[in-house]
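Take a look at the letters that make up each chain.
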Amino acid sequence: MAIQTSNSFRSITLMAVSLLCSDIALADEQEDMQNRLNEMVMSQPFNVADNAKLEAYIEEATKKGTPPVSTPSKYWRRGYTCADLRRYSWNDYRDCSYFHRYNGYYWPY
């Protein structure tokens with residue numbers, strides 16, 4: 001009976017140690033993934049000139065009284081903001097930004 005209890009205790013201890021090791025390995029893996037993601041994001045340039053170009057476009061269109069494009073982009077999805085469109089098309093991002101500035105809300109879905 002004592003040998004069986006000892007074997008059970010050993011099994012439980014081994015399982016606990018293996019779970020602890022797998023948790024540590026998982027945490028290391030998550031940290032590595034986060035570091036790779038950070039490197040990818042930081043490697044892409046942040047282009048301030050694009051923001052200046054956008055502001056110039058919006059100012060010019062406002063001066064001319066040009067109404068914004070009212071049809072949403074084909075990439076427009078529920079929960080998006082104009083920033084989400086930058087990865088697809090500069091023109092879609094520009095049109096969305098002007099529409100939002102002009103009307104005070106985003107395109108409908």
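This text follows the structure it describes.
The text that follows walks through the structure, step by step, so that each part is easy to find. Every chain begins its residue count from 1, and numbering advances along the sequence as written. With pLDDT at 70 or above as the cut-off, local features in this predicted model cover only qualifying residues; side-chain atom pairs require 80 or more to be listed or tallied, and sums for whole chains, interfaces and linings still use all residues. In computing side-chain properties, one takes all heavy atoms of the structure into account and sets aside hydrogens as well as water.

Section: a nonpolar patch on the surface
Note the following rule: Think of a patch as exposed residues, more than 30% relative accessible area, with no salt bridge, where like charges cluster within 9 Å and nonpolar side chains (Val, Leu, Ile, Met, Phe, Trp, Tyr) cluster within 5 Å. Here, Shrake-Rupley sampling with a 1.4 Å probe gives the accessible areas, and only protein chains in the shown set may cover a residue. Here, a salt bridge means any Lys or Arg side-chain nitrogen found within 4 Å of an Asp or Glu carboxyl oxygen. A helix here means a DSSP run of H or I that spans at least four residues, while a strand means a run of E at least two residues long, and both kinds are numbered starting from the N terminus.
A cluster of nonpolar side chains, contributed by Leu 37, Met 40, Val 41 and Met 42, occupies part of the molecular surface with about 450 Å² of accessible area. With respect to the secondary-structure elements, Met 42 resides in helix α1 (residues 2–43).

Some remarks on a negative patch on the surface
Note the threshold: His is not counted, nor are the chain ends; Lys and Arg add positive charge and Asp and Glu add negative charge. The location of each charge is read from NZ of Lys, CZ of Arg, CG of Asp or CD of Glu. Accessible area is worked out with a 1.4 Å probe on protein chains only. A residue is then buried under 20% of its type maximum, exposed over 50%, and partly exposed in between.
On the surface, a cluster of negative charge is made up of Asp 28, Glu 29, Glu 31 and Asp 32. For Asp 28, a relative accessible area of 42% corresponds to the partly exposed category.

As for the state of the cysteines
Under the convention used in this document: When two cysteine sulfur atoms are found within 2.5 Å, that pair is recorded as a disulfide.
Overall, the coordinates contain 1 disulfide when judged by the stated rule. Here Cys 82 is linked by a disulfide to Cys 96, with a sulfur-sulfur distance of 2.0 Å. Disulfide Cys 82-Cys 96: torsion about the S-S bond near -75°, hence left-handed. Note that Cys 82 is positioned in the loop between α2 (48–64) and α3 (90–103) and Cys 96 in helix α3, a separation of 14 residues in sequence. Exposure remark for Cys 96: the relative accessible area of 1% places this residue in the buried category.

Some remarks on the packing of aromatic side chains
One pair of aromatic rings is described through two measures. These are the centre distance and the angle between the planes. What counts, and what does not: When two rings of Phe, Tyr or Trp (its six-membered ring) have centres within 6.5 Å they constitute a pair, described as stacked for plane angles under 30 degrees, edge-to-face for angles over 60, and tilted for the intermediate range.
Enumeration according to the criterion identifies 9 aromatic pairs in this entry. Seen from their ring centres, Trp 76 and Tyr 80 are 6.3 Å apart, and the 85° between their planes marks the pair as edge-to-face. There is no split in this pair, since Trp 76 and Tyr 80 are both buried. Summarising the aromatic geometry, the rings of Phe 99 and Trp 107 are spaced 6.0 Å apart at their centres and angled 45° between planes, so their arrangement reads as tilted.

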